[in-house]
Amino acid sequence: MTGTRIAALGHYQPAKVLTNHDLAGMVDTSDAWITSRVGIRTRHMAGPDEPVDELAAHAGAKALASAGLTPADIDLVLVATSTAIDRSPNTAARVAARLSMGSPAVMDLNVVCAGFTHALATADHAVRAGSASRVLVIGADKMTAITDWTDRSTCVLVGDGAGAAVVVAAGADEEPGIGPVLWGSVPEMGHAVRIEGSPPVFAQEGQTVYRWATTQLPPIARQVCERAGVTPEELAAVVLHQANLRIIEPVAQKIGAVNAVIARDVVDSGNTSAASIPMALSKIVDRGEIASGAPVLLFGFGGNLSYAGQVIRCP
């Protein structure tokens, strides 16, 4: 068995920007109310002619180009999403078709906001087991398509986008770049975050999620660091699911990552579910905020209530 690493990243957001002032004209809210409660100022919104697989394909193409690979080099496509409308062809298959890939295995994973970190672990396991050599891992969601725009407690949160990573085997003389995953769920609390009905609509019990995230998740995140053999103080960056700034900041503080860059992409992008972690990570790398090889904690949490995290080395 060999270790794995992230070779490159990419992200994509639709052109349309929805501001808090725009929302104030749609529902009983205000810029001050939104920023004080969730810390979000803007979010990107896909149009009706921009399906989830298109967002995903744009991010995937950027990651492939950054890695110096062609679509034909990929033998497994994993897409984490909970907002694809159609069941078959799945989103991964549609991404493969858009990118004119050869004959990769194609799988979707629906673990909502923890989807990307679950998919990244699955890619790591597949390469280590020898069933794949180069994996395109994408988190993509179109949350605005499943939003009740009359509910000010949820419509102010959401945005659309996609983030991608190319996972390859680490070289014989390289340290593994993707650490062991720690994942799990609290099934009896799954009702706290829901995408249900026909047509499906996003709903959540905000206070329940806030209390769970800020009290139960920091010790689990510290266990992720222990599994990777890294102390929280050694982390160069912490990229949590971009749910809400009032969750991100206290959780990061309780983890103890005192020297880390804390991803706050939620301010500009909103909650993009499975897209939030790879998109935030890709932007941090693009800005050069952390050095190649530096340890970064990725930690997803949300629907089901599920969680998954690993420490990776910055590509």
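Residues numbered from 1 in each chain as written. Predicted model: local features only at pLDDT ≥ 70, side-chain atom pairs only at ≥ 80, totals over all residues. Heavy atoms only, no water.

Novice: Just to check I follow, could you spell out the sheet that holds strand β12 (residues 261-262) for this structure?
Specialist: The strands that make up a sheet are held in pairs by hydrogen bonds between backbone atoms, and each pair lies either parallel or antiparallel. Taken together, five strands build an open sheet; the order of strands is β8-β14-β13-β11-β12 and the sheet is mixed. Single-partner strands in this sheet number two, and they are β8 (182-185) and β12. Contacting β11 (237-240), β12 and β13 (295-302), helix α8 (residues 245-255) crosses the sheet at an angle of about 135 degrees to β11. (Pairing = 2+ DSSP bridges. Helix = DSSP H or I, 4+ residues; strand = E, 2+ residues; numbered from the N terminus. Contact = heavy atoms within 4.5 Å. Axes fitted to C-alpha atoms, helices over the stretch in contact; angles between N-to-C directions.)

Novice: Please explain unusual backbone geometry as it appears in this structure.
Specialist: For residues that are not glycine, phi is negative in most cases, and the peptide bond is trans in most cases. Put simply, Ser 88 and Pro 89 share a cis peptide bond, and its omega is 0 degrees. With respect to the helices and strands, the residue Pro 89 is situated in the loop between β4 (76-80) and α4 (91-98). For the bond from Ser 198 to Pro 199, the omega torsion is 5 degrees, close enough to zero to count as cis. Mapped onto the fold, Pro 199 is located in the loop between β9 (193-196) and β10 (201-204).

Novice: What should I look at first to understand the nonpolar core in this one?
Specialist: Considering soluble globular proteins, one finds that nonpolar side chains tend to be buried as a cluster. Core analysis: the largest hydrophobic core is formed by 49 residues, its most contacted members being Leu 235, Leu 240, Phe 299 and Phe 301. Within the residue set of this core, elements represented by two or more residues are α7 (206-228), β11, α8, α9 (266-269), β13 and β14 (306-313). For this core, the element with the highest residue contribution is α7, accounting for eight residues. In this structure, Phe 301 is in contact with Cys 113, Ala 114, Trp 212, Ala 213, Leu 217, Leu 240, His 241, Ala 243, Ile 247, Ser 306 and Tyr 307, ignoring residues within four places of it in sequence. (Core = buried A, V, L, I, M, F, W, Y, C linked by side-chain atoms within 4.5 Å. Buried < 20%, exposed > 50% of the residue type's maximum accessible area, 1.4 Å probe, protein only.)

Novice: How do you make sense of the environment of Asp 173 when you look at a structure like this?
Specialist: Residue position: Asp 173 is located in the loop between β7 (160-169) and β8. Judged by its relative accessible area of 74%, Asp 173 is exposed. Sequence-wise, Asp 173 and Ala 275 are 102 residues apart; in three dimensions their C-alpha atoms are separated by 32 Å.

Novice: Any chance you could explain the pairing of β13 here in plain terms?
Specialist: On any regular strand, side chains alternate: one points to one face of the sheet, the next to the other face. Of all eight residues in β13, eight are buried, a share of seventy percent or more. Going residue by residue along β13, you find Pro 295, Leu 297, Phe 299 and Phe 301 tucked away on one face and Val 296, Leu 298, Gly 300 and Gly 302 tucked away on the opposite face as well. Bridge count between β11 and β13: four bridges; the pairing is parallel. The partner of Leu 240 across the bridge, within β13, is Phe 299.

Novice: Help me understand the side chain of Thr 147 in this model?
Specialist: If you trace the backbone, Thr 147 turns up in the loop between β6 (134-142) and α6 (152-155). Judged by its relative accessible area of 11%, Thr 147 falls in the buried class. Only 2.7 Å separates the side chain of Thr 147 from the backbone oxygen of Met 143, close enough to count as a polar contact. (Polar contact = N/O pair within 3.5 Å; in protein donor to acceptor, adjacent residues only side chain to side chain.)

Treat this as a map of the structure, not an account of what it does.
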